[in-house]
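Commentary on secondary and tertiary structure
Listed below, chain by chain, are the residues.
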Amino acid sequence: VIAGTAVLRMPLTSYETYAFASSGGGSSTRNYLYYDSEAHGARWLLQGNEKLIPWTCDLKCGLQPGEGKVLASLYSVVDSDSDRDGKLTASDLSWILLTDAPGARQARILERVSSAEGCEVLPRGAAVLFYVSKGELRAATLGLTQLKVEDDSSLATLPPKGPAK
């Protein structure tokens, strides 16, 4: 159950096996099903199941970690093979989806995100999302009631990726 709601959220997971036995396999989340236990209705977060959701964050109010009511949720969604390796992975560029707690309202708020680094709830119905885009570590301040980005700031330019020395 999503804390503070009558809604259950369940991931739709796909399992892959790889050609080399030593590689094993893996699983990936493709969508989420929301079930409202009071209305007895269900709906999917995304249309279709071909996308990848490598990262989620529930934005909770509460004094202790892991406790409190969920105010909203963030999802990183990959829908194209931006690194051209033939598959959707967390290494591909994503977009960020912000939803209200029961998942009924949603907004696509950020594009071309390399990675989501973390999120924290702020006072007065806001949150901050730390993410990387175009080689910059950025902080987006989110309005959770309006489901929108209120401010987006560059914090630091990251060094280019290269071979480890």
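The following refers to the structure shown. (Residues numbered from 1 in each chain as written. Predicted model: local features only at pLDDT ≥ 70, side-chain atom pairs only at ≥ 80, totals over all residues. Heavy atoms only, no water.)

Below, the discussion takes up the overall build of the chain. Looking only at helices and strands, the chain has zero helices and 11 strands in total. Traced from its N-terminal end to its C-terminal end, the chain shows the element sequence β-β-β-β-β-β-β-β-β-β-β. Restricting to contacts in the chain with at least 6 residues of sequence separation, those with at least 24 account for 34%. When the accessible surface of the chain is split by element, carbon and sulfur atoms take 52% of a total near 9,700 Å². (Helix = DSSP H or I, 4+ residues; strand = E, 2+ residues; numbered from the N terminus. Contact = heavy atoms within 4.5 Å. Areas by Shrake-Rupley, 256 points an atom, 1.4 Å probe, with all protein chains shown as cover.)

Spatially, β8-β9-β10-β11 is the arrangement adopted by the four strands of the open sheet, whose pairing is antiparallel. If you trace the sheet from one side to the other, it starts and ends with β8 (115-122) and β11 (148-157), each paired once. Going from strand to strand, the sheet's axes swing by 20° on average, the running direction of each strand aside. Strand direction decides the pairing type here: β8 and strand β9 (residues 126-133), joined by seven bridges, are antiparallel. (Pairing = 2+ DSSP bridges. Axes fitted to C-alpha atoms, helices over the stretch in contact; angles between N-to-C directions.)

Right, let's talk about the sheet that holds strand β5 (residues 69-78) for a bit. An order of β4-β5-β6-β7 is seen for the four strands of this open sheet, with the pairing classed as antiparallel. Edge positions in the sheet fall to β4 (52-61) and β7 (106-113), since each has one partner strand and no second. Across the sheet, the mean angle separating the axes of adjacent strands is 20° when strand polarity is ignored. The sheet contact formed by strand β6 (residues 94-100) and β7 spans five bridges and is antiparallel. Paired with Ser94 across the two strands is Val113, which belongs to β7.

Let us now look at the nonpolar core. A general tendency of soluble globular proteins is for nonpolar side chains to be buried together. Core analysis: the largest hydrophobic core is formed by 20 residues, its most contacted members being Leu59, Leu74, Leu98, Ile109, Leu110, Leu129 and Leu142. Elements that contribute at least two residues to this core include exactly β4, β5, β6, β7, β8, β9 and β10 (136-143). Ranked by residue count, the leading element in this core is β7, at four residues. With near-sequence residues (within four places) excluded, Leu59 lies in contact with Lys69, Val70, Leu71, Ala72, Leu74, Leu98, Cys119, Glu120, Val121, Ala127 and Leu144. (Core = buried A, V, L, I, M, F, W, Y, C linked by side-chain atoms within 4.5 Å. Buried < 20%, exposed > 50% of the residue type's maximum accessible area, 1.4 Å probe, protein only.)

This brings us to the state of the cysteines. A full pass over the atoms with the stated rule returns one disulfide. Residue pairing for Cys57: its cysteine sulfur links by disulfide to Cys119, the two sulfurs lying 1.7 Å apart. Here Cys57 and Cys119 share a disulfide; its torsion about the S-S bond, 60°, makes the bridge right-handed. Here the residue Cys57 occupies a position in strand β4, and Cys119 occupies one in strand β8, the gap between them amounting to 62 residues. Judged on exposure class, the residue Cys57 and its partner Cys119 are both buried. (Disulfide = S-S within 2.5 Å.)

The next subject is the pairing of β9. Burial of β9 is extensive: seven of the eight residues sit out of reach of the surface. Counting the residues between successive antiparallel strands, the hairpin from β8 to β9 contains three residues, one of them, Arg124, with a positive phi of roughly 60°. Between the antiparallel neighbours β9 and β10 lie two residues, among them Lys134 with a positive phi of about 50°.

It is worth spelling out the packing of aromatic side chains at this point. Counted according to the given criterion, the structure contains one aromatic pair. Taking 5.5 Å as the distance between ring centres and 55° as the angle between the ring planes, the aromatic pair formed by Tyr32 and Tyr75 counts as tilted. Highlighted residues: Tyr32 in strand β2 (residues 25-36) and Tyr75 in strand β5, separated in sequence by 43 residues. Residues Tyr32 and Tyr75 agree in their burial class; the two are buried. The ring centre of Tyr32 lies 5.6 Å from the NZ or CZ of Arg9, which sits over that ring. For the cation-ring pair, Arg108 lies above Trp95, with the distance from its terminal atom to the ring centre recorded as 3.9 Å. (Phe/Tyr/Trp six-rings, centres within 6.5 Å; stacked < 30°, edge-to-face > 60°. Lys NZ or Arg CZ within 6 Å of the ring centre and 35° of its normal.)

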